[in-house]
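Residue-level structure breakdown
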Amino acid sequence: MQTHEPLMIREDPERRDITTRSFQVRAATVNEDERSVEATISTESPVEVYDWNRDRMIEEVLLGDAAAMPAQLPLLANHARYSLDSVLGSIRNIRLESGAMIGRLYFADDDDAMRAWSKVKAGHLTDVSVGYRVQEAVEIQPGDTAVVNGRQFKAGKRTLRVATKWTPKEGSLVPIGAD
């Protein structure tokens, strides 16, 4: 009997301190020799996310220059962060390009990682999701406008959270991205 993993795993429902959002691989950057491909990890576009503390959907902007820029992030399968077997590789060469965080996904040399790499390079698996924590943010109520770090933001029908300090924790290959 074959079992299927859920799209997203939240092992501890009381610990909801990691938020996730989708990004996509850049297919034209595949490097077969390194088993790697570039991906956009985040942009400054507003994204609908679930606010676990308030039990509701909000819009969120992750300011690129407000991110703690790690040298490397783990590349996981489906945000499963409690098992070494879930590690498919790493994300390195992380940098900012016009407010977008870009990184290169490197795949390990084991069976699970090779299966995932095969699906990525063939174009069957394109969605990736970043897990992150927001340490500081400015919240703008629906319909209001505010200046944050010298830039103007306007909330739509939902609260808009502009992250002014955030930390990426991991990147995950997922079958269907959340946003």
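These lines cover the structure that appears in this document, whether it is placed above or below.

What counts, and at which threshold
- Residues numbered from 1 in each chain as written.
- Predicted model: local features only at pLDDT ≥ 70, side-chain atom pairs only at ≥ 80, totals over all residues.
- Heavy atoms only, no water.
- Salt bridge = Lys/Arg side-chain N within 4 Å of Asp/Glu carboxyl O.
- Helix = DSSP H or I, 4+ residues; strand = E, 2+ residues; numbered from the N terminus.
- Buried < 20%, exposed > 50% of the residue type's maximum accessible area, 1.4 Å probe, protein only.
- Phe/Tyr/Trp six-rings, centres within 6.5 Å; stacked < 30°, edge-to-face > 60°.
- Lys NZ or Arg CZ within 6 Å of the ring centre and 35° of its normal.
- Patch = residues over 30% accessible without salt bridge, like charges linked within 9 Å, V, L, I, M, F, W, Y side chains within 5 Å.
- Areas by Shrake-Rupley, 256 points an atom, 1.4 Å probe, with all protein chains shown as cover.
- Lys, Arg positive; Asp, Glu negative; His and termini not counted.
- Charge placed at Lys NZ, Arg CZ, Asp CG, Glu CD.

Time to look at the pattern of salt bridges. Following the criterion strictly, the structure yields 10 salt bridges and no others. In this structure, Arg151 and Glu44 form a salt bridge, with 3.0 Å as the shortest nitrogen-oxygen distance. In this pair, Arg151 sits in strand β10 (residues 151-154) while Glu44 sits in the loop between β2 (36-42) and β3 (47-51), placing the two residues 107 residues apart along the sequence. Take Arg151: its relative accessible area is 36%, and that puts it in the partly exposed class. According to the relative accessible area criterion, Glu44 is partly exposed, its value standing at 21%. Ionic contacts of the salt-bridge type, sharing partners, join the residues Asp51, Arg54, Glu60, Glu139 and Arg161 into one network.

Under the definition given, this model contains three aromatic pairs. Plain terms: the ring middles of Tyr50 and Trp52 are 4.8 Å apart, the flat faces sit at 70° to each other, and that makes the pair edge-to-face. For Tyr50, a relative accessible area of 26% corresponds to the partly exposed category. Judged by centre distance (5.7 Å) and plane angle (75°), the rings of Tyr132 and Trp166 are edge-to-face. Separated by 34 residues along the polypeptide, Tyr132 in strand β8 (residues 127-140) and Trp166 in strand β11 (residues 160-173) bring together distant segments of the chain. We note that Tyr132, like Trp166, is buried. Lying across the ring of Tyr106, Arg92 places its NZ or CZ 4.1 Å from the centre.

Taken together, the side chains of Asp85, Asp109, Asp110 and Asp111 define an acidic patch exposed on the protein surface. Relative to the elements of secondary structure, Asp110 occurs in the loop between β7 (100-107) and α1 (111-121). Among the residues examined, Asp110 registers a relative accessible area of 34% and is labelled partly exposed.

Interpretation in functional terms is not warranted from these geometric data alone.
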